[in-house]
Amino acid sequence: MGSAVITARAAATFDPVGRSVATARAFVRDTLQGWGHSELVDDAVVLTSELVTNAVVHAGTQADVLCLRTEEGIRVEVGDRYPEREVPLQGTGLSLGGPDREGGRGLLLCAALASRWGVEYTPTQKHVWFQLDLPQRPVGTRLAGPVLPEALLPVADGRIRVAVVQIDRTGAIASWNEDAEDLFGYAPEQVTGKPLTDLAAWPQTPGIGTGIAEALQMSRWEGSYGIRGEDGRVVPVYASHLRVRDNDGEPSTVCLLVRDVERAVLQTPQRAPSVDGSGGSHAEGRATDPFEVFIGSPAPDDLDGLLQRTVERARDMLDADSAFLLLATDDETELEVRATTGLPSARQRFARVPVEAGTGRYGSARMPAVHEDLAVVPGAVPLLNGTGMRSVVTVPLKVEGRLTGSLGVAAEASGRYTNEEALRLQFAADRIALAVESARLGELERLRRGSLSFLVEASDLLAGTLDRDQTLALMAQMTVPTLATWCAVYTIADQASEPYLSYVLHEDEERIDGLKALLAKISPPDPVPTPGARIWNAPGEAAHQAALRTSMRSLGLGSTPQLGSGIGTTLATASAVGGETVVLPLVARNRVIGMLTLGKPTDDHFRQEILELAEDLSRRAALALDNARLYSERMAISQSLQRSLLPPELPHVPNVEVEVIYRAAGEGNEVGGDFYDLFPIRDGAYGFAIGDVCGTGPQAAAVTGLARHALRLLAREGFSGPAVLERLNAAILDEGERSRFLTLLYGELWPQEDGSSILKIVCAGHPLPLRLRQDGTVTPAAEPQPLLGVMEDLELYEETITLEPGDVLLCVTDGITERREGTRMLGDDGLAEVLAGCTGLTAGAVAARVLRAVERFAAEPASDDMAILAMRVPEPVQQ
């Protein structure tokens, strides 16, 4: 500010949240009014509002506001922590923007309203500043009243005496005029050098911080007190104080005193708002809006800003220590705290109190009420319990006769308010009730649209999975942090089971372990099927006790087991769960299957709209969780039954390598229409089979089980291969409508002492087995015969082959040979070509190479079951 001398300074920092804009406006307003420059308040508040909005909303950083006063004017600096963000400047070719545009509007206003303004950059901050010069005090009429009849003029007792008393910087009387001597009886030499406090009878009201010493330090002060005269009586006076300094810079306070009944001589007339249009302050002469008179202009365009401005103005209007505003729920049965000043707002925000009369209820909501001393009627205003407030006045906000809210102001002293203050506050409440209700309905509509979108998205996510664990995770992730700070999901397996803590989530991942440990040590909430959220105090109480024990232990006052990994973790957990905790039942198909627990941090509450949204979500989540449970049960049953259709581990066959690869088509299927088996029969003989039932899935798997068990039973009864298949054919036909035709390759294997193996094979409608010799030739090892499940009378025969050392017998199902890519098919020839390249490979390597060739043949996944059975007679080991 150049060489100007700074005579006053005030600074504050505001967090990057929307509410900070309103708080910054109030800070600048209060600062300038305290400095006695109310004529600059409106312009300064408008400019500060725009610049702080740029910092906390657009730049997204903290805003540092600095107010400086000099002899020339007022300078306000607004700094943010985003110096890289460019600001359009005049003369650069960049437009500042129009007044209706979001970007650049603050600088446009600075250019229009401020005497000077500018932008300063540092490596860490950007400062936008403006200066408002002090207006020249015009000579002439400042205030004039109408000509009154003589009978209406104020009454004065003889000659009006105005005592002029000057007080030095120490608070002692420096001068005392003749009128002061006439009024109070003291000669100047009797009082000069004495403190004014020796004479002043100041109203020492409990809870009022301003005393005579503080009043003498203010730049201006006006009000009533008493002066003890020489005769010992107190003379009530009305005083006007002005703080000045002489040519040497020495400060003093000039006090003008008159009898209290003659206060009109000094009292500054109140500027009452003009509601009829006459005497309006607008140059255009239009009627002054009572709403704007109370709220100020421009009015906040958001509900939270409007409510915060309302409580601040109500507090100032009645010179209160605190103020609060509550909005009614839709059914008018409860009031919800939405804005406070002078109270612990973080603890009270969104807290709810019932409306109707009764113990601990807000009985004065529907009518104006004045409580001179809350100590006499404790609990009359539950919001003020434990705040130290003694007197309070509350008035309703009504729209068309319907209760929409309640506005109240309170003071730490008792007896501060009368019906006159209640009428003033009611007048203000009537002015803003309609605007508040309109803003509330707009906010409610936005919340409902957001809730609908949230529920649609949540339903899509929950419907997209049938996995239980994923459903639990989705439930928690959708609630944190959108609806709550932390979430815990309890599940109940059946009616006889206790609730089990299945999932815990906190918006701060470092708090999850401590929260989980805390919840594991307390009893779960009762599984009550009643819909709606209910308060659960156990986590908060347990966290408080754990923090208390840990703190005592850290001070050496006790020895108890630790809940977490030290006092830091324990206290952090206590803070995380110290707010409101609610439990919502998870009810599906008329049964409680779990509980959804939502929590807030210390001194925080849930909004009613959030609880209603959480209740809707809990119903959808419960159904999704139960569907996941049913699906898991069905899958477990299906997999158990399917596994029973698969053969146990393959037996060891002497001098023969055996490898099986099996792939069932269809998601979740472990067994389909293809099957295989290898089992001992008798006397060193082994039976083997590979077959294909018409179709896939559970119906084909049922015939698979029949075929595999029938083969083992009949073979072990001593029947030959053809006899086994003929009896199996009859069993399949006996199934009637459930029967399916079956292709089957069945054989019996006898390992020989010379290292070879003899095989007897029956191929009933199945792809022919292929024999790979050591020289690389591939030939069919059997001839085709009729398939099973079609004709009653079958005449089958078996064929005998001998596998020499190094030979391979490959048996597959048609899922291998019928693998397709467009019009191409692998076929028997393609399989033979693949097998021809497997000379010298083990049985496992042969099966793996065949499967790899099949998978690479087509890009699409297989749509048919596939089974590969490879048997190889190994070559003798050379000594």
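Residues numbered from 1 in each chain as written. Predicted model: local features only at pLDDT ≥ 70, side-chain atom pairs only at ≥ 80, totals over all residues. Heavy atoms only, no water.

### A few points about the sheet that holds strand β24 (residues 674–680)
We count it as follows: We call two strands paired when DSSP finds no fewer than two bridges between them. The way it works is that DSSP assigns letters per residue, a run of H or I at least four long becomes a helix, a run of E at least two long becomes a strand, and they are numbered from the N terminus. Orientation is described by axes fitted as lines to C-alpha atoms, over the contacting stretch for helices, and by angles from 0 to 180 degrees between their N-to-C directions. Whether two residues are in contact is decided by their heavy atoms: any pair within 4.5 Å suffices.
Spatial strand order, β24-β25-β26-β27-β30: 5 strands in an open sheet with antiparallel pairing. Both outer strands of the open sheet, β24 and β30 (799–803), are each paired with one neighbouring strand and no more. Within the sheet, the average angular offset between the axes of one strand and its neighbour, ignoring direction, is 20°. Alignment of strand β25 (residues 686–693) against strand β26 (residues 742–751), held across 8 bridges, turns out to be antiparallel. Paired with F688 across the strands is G747, a residue of β26. Relative to the sheet, helix α17 (residues 721–733) contacts β26 and β27 (757–764), its axis offset from that of β26 by approximately 150°.

### Some words on the packing of helix α1 (residues 19–34) against helix α8 (residues 303–317)
Let me state the cut-off plainly: In what follows, roughly perpendicular refers to angles from 65 to 115 degrees, roughly parallel to angles under 35, roughly antiparallel to angles over 145, and oblique to any angle outside these ranges. For any pair of crossing helices, the crossing counts as left-handed if the nearer helix is rotated counterclockwise from the farther one by less than a right angle, and right-handed if it is rotated clockwise. Basically, the charged four are Asp, Glu, Lys and Arg, the nonpolar ten are Ala, Val, Leu, Ile, Met, Phe, Trp, Tyr, Cys and Pro, and anything else, Gly included, counts as polar.
Following both chains from N to C, one finds α1 and α8 inclined at 25°, their axes separated by 9 Å at the closest point. Of the possible angle classes, the one that applies to α1 and α8 is roughly parallel. Like other packed secondary-structure pairs, α1 and α8 cross with a definite hand, here right-handed. Along the contact surface, α1 presents R19, A22, R25, A26, R29 and D30, while α8 presents D304, Q308, R309, E312, R313, R315 and D316. Class assignment of the residues belonging to the contact of α1 with α8 gives a composition of 2 nonpolar, 1 polar and 10 charged.

### What to know about the pattern of salt bridges
Selection criterion: Salt-bridge detection follows one rule: a side-chain nitrogen of Lys or Arg within 4 Å of a carboxyl oxygen of Asp or Glu. Using a 1.4 Å probe on the protein chains alone, a residue whose accessible area is under 20% of its type maximum counts as buried, one over 50% counts as exposed, and one in between counts as partly exposed.
Under the criterion given, the structure shown has 26 salt bridges. With a closest N to O distance of 3.1 Å, D304 and R338 form a salt bridge. Of this pair, D304 sits in helix α8 while R338 sits in strand β13 (residues 334–341); the two residues are 34 residues apart in sequence, bridging distant segments of the chain. R338 sits in the buried class, given a relative accessible area of 3%. What emerges from the salt-bridge pattern is a single network uniting R159, R161, D179 and D182.

### Describing helix α12 (residues 512–520)
Applied cut-off: Directions drawn from the helix axis to the C-beta atoms are what define this arc.
By the burial criterion, the buried members of α12 are I512, G514, L515, L518 and L519. Buried residues of α12 fall within an arc of 165° about the axis and therefore sit on the same side. Turned more than 90 degrees off the buried face of α12, the exposed positions are D513 and A520.

### Regarding the sheet that holds strand β21 (residues 581–588)
Within the open sheet, the 5 strands sit side by side as β19-β18-β22-β21-β20. Their pairing is antiparallel. Two strands lie at the open edges of the sheet, namely β19 (500–506) and β20 (534–535), each paired on one side alone. Across 6 bridges, the pairing between strand β18 (residues 486–491) and strand β22 (residues 591–599) is antiparallel. In the sheet register, T491 faces β22, and the bridge partner there is G594. The strands touched by helix α11 (residues 468–479) within the sheet are β18, β19, β21 and β22, with β19 carrying the most contacts at an inclination of about 40°. Set on the sheet, α12 makes contact with β18 and β19; between it and β19 the angle comes to about 150°.

### Examining the confidence of the model for the chain
Spelled out, the test is: Each residue carries a pLDDT value, the predictor's own confidence for that position, ranging from 0 to 100.
When the pLDDT values of the chain are averaged, the result is 79; 81% of them are 70 or greater. Between residues 88–104, whose pLDDT stays under 50, and residues either more than four places distant or in other chains, the model counts 21 contacts. Within the model, the stretch residues 357–364 combines pLDDT values under 50 with 26 contacts to residues more than four positions away or in other chains.

### Remarks on the pairing of β24
Where burial is concerned, most of β24 is hidden: 6 out of the 7 residues are buried. Pairing geometry for β24 and β25, over 7 bridges, is antiparallel. Residue Y676 lies in a different strand from β25, and its bridge partner there is I690. Once β24 ends, the chain turns through 5 residues before running back antiparallel as β25, passing D683 with a positive phi of about 45°.

### Considering α8
In plain terms, the rule: One less than the residue count of a helix, multiplied by 1.5 Å, gives the span that helix is expected to have.
In this model α8 runs 21 Å from its N-terminal to its C-terminal C-alpha over 15 residues, within 8% of the 21 Å that 1.5 Å per residue would give. Burial runs high along α8: 12 of the 15 residues are buried. Turning to α8, its buried residues are L303, G305, L306, L307, Q308, R309, T310, V311, E312, R313, A314 and R315. Once α8 finishes, D319 follows within two positions and takes phi at roughly 50°, a positive value.

### What about unusual backbone geometry?
Of note, the bond from V480 into P481 is cis; its omega dihedral lies within 30 degrees of zero at 0°. Here P481 shows up in the loop between α11 and β18. Backbone geometry at D319 places phi at a positive 50°, although glycine is not the residue there. Locating D319 in the fold gives a position in the loop between α8 and β12 (322–328). Here the phi dihedral of N590 falls at roughly 60°; this positive angle occurs in a residue that is not glycine. Topologically, N590 is positioned in the loop between β21 and β22.

### So, the packing of aromatic side chains
The line we're drawing: Each Phe, Tyr or Trp ring, with Trp reduced to its six-membered ring, pairs with another whose centre is within 6.5 Å; inter-plane angles below 30 degrees give stacked pairs, above 60 give edge-to-face pairs, and intermediate values give tilted ones. Two thresholds decide whether a charge sits over a ring: the Lys NZ or Arg CZ must be within 6 Å of the ring centre and within 35 degrees of the ring normal.
The full count for this structure, using the stated rule, is 5 aromatic pairs. Centre to centre, the rings of W176 and F184 are 5.9 Å apart; their planes meet at 55°, and the pair counts as tilted. Given the relative accessible area of 8%, W176 is considered buried. Ring-pair connections join several aromatic residues into one group, and the members of that group are W176, F184 and Y186. Sitting over the face of the ring of W129, R75 holds its NZ or CZ atom 4.2 Å from the ring centroid. Of note, R824 hangs over the ring of F857, and the distance from its end group to the ring centre comes to 4.3 Å.

### So, the packing of helix α10 (residues 419–463) against α11
One can describe the packing of α10 onto α11 by two numbers: an axis separation of 10 Å at closest approach and a directional angle of 165°. Considering their axes alone, α10 and α11 lie roughly antiparallel with respect to each other. For the crossing formed where α10 meets α11, the hand is right-handed. When α10 is examined against α11, the residues F454, A458, L461 and L462 are found in contact with a partner set consisting of T471, L474, M475 and M478. Grouping the constituent residues of the contact of α10 with α11 by class yields 7 nonpolar, 1 polar and no charged.

### Considering the environment of A380
Residue position: A380 is located in the loop between β15 (369–371) and β16 (391–399). In this structure, the C-alpha to C-alpha distance between A380 and V392, residues 12 residues apart in sequence, is 9.9 Å.

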